[in-house]
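Structural overview for review
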Amino acid sequence: MIILLHWSVLMAVLVMIKGGTANETVRWAFVGMGAVWAGLALVKGLLGKPGPKLQGTARAIYRPMHIGLYVLLGGAVVINGAELLGLIAPGGAWISLLVLLTAGTFHGLFHFWRHTALYDGAFRVMMPRPLHKYL
């Protein structure tokens, strides 16, 4: 379920960035998926672990980086939901999505580095099982 939310939220953010947050259905889907994902993280904690090959600074920033991403996700969900409900002026949702996309890009690059430089199978954790044979 988490992997599905992971990739669905990413796709929703990309669709919203491309469409300029104009499609309310996609925005509500993002709000719903993001709320479920952030809620699961609050209840169950972080599900990913740094792995034994991750050492030093990279290991030290692993947990704060993921917590920060959940904070940004939660913020984007709240801002988008509030904007959709007319509780706040338009504009903040767009900025929150750009910030989330930027942070998510660095997150992806970090895990790409782990997978290719450390050979620790980081992508296997984030990808659906049918794709594991290609990783």
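This report concerns the structure included in the present document. These numbers come from a predicted model, not from an experiment. (Residues numbered from 1 in each chain as written. Predicted model: local features only at pLDDT ≥ 70, side-chain atom pairs only at ≥ 80, totals over all residues. Heavy atoms only, no water.)

1. Quick notes on the environment of Leu72
- Position of Leu72 among the secondary structure elements: in helix H3 (residues 56–84).
- By relative accessible area, Leu72 is classed as partly exposed at 32%.
- Distance from Leu72 to Gly86, taken between C-alpha atoms, is 21 Å for residues 14 residues apart in sequence.
- Setting aside its immediate chain neighbours within four residues, Leu72 contacts Val99, Leu100 and Ala103. (Helix = DSSP H or I, 4+ residues; strand = E, 2+ residues; numbered from the N terminus. Buried < 20%, exposed > 50% of the residue type's maximum accessible area, 1.4 Å probe, protein only. Contact = heavy atoms within 4.5 Å.)

2. Structural notes on the pattern of salt bridges
- On inspection of all chains with the given rule, the structure shows 2 salt bridges.
- With its nearest N and O atoms 3.1 Å apart, the salt bridge here joins Glu83 to Arg27. Separated by 56 residues along the polypeptide, Glu83 in helix H3 and Arg27 in helix H2 (residues 24–44) bring together distant segments of the chain.
- For Arg27, a relative accessible area of 6% translates into the label buried. (Salt bridge = Lys/Arg side-chain N within 4 Å of Asp/Glu carboxyl O.)

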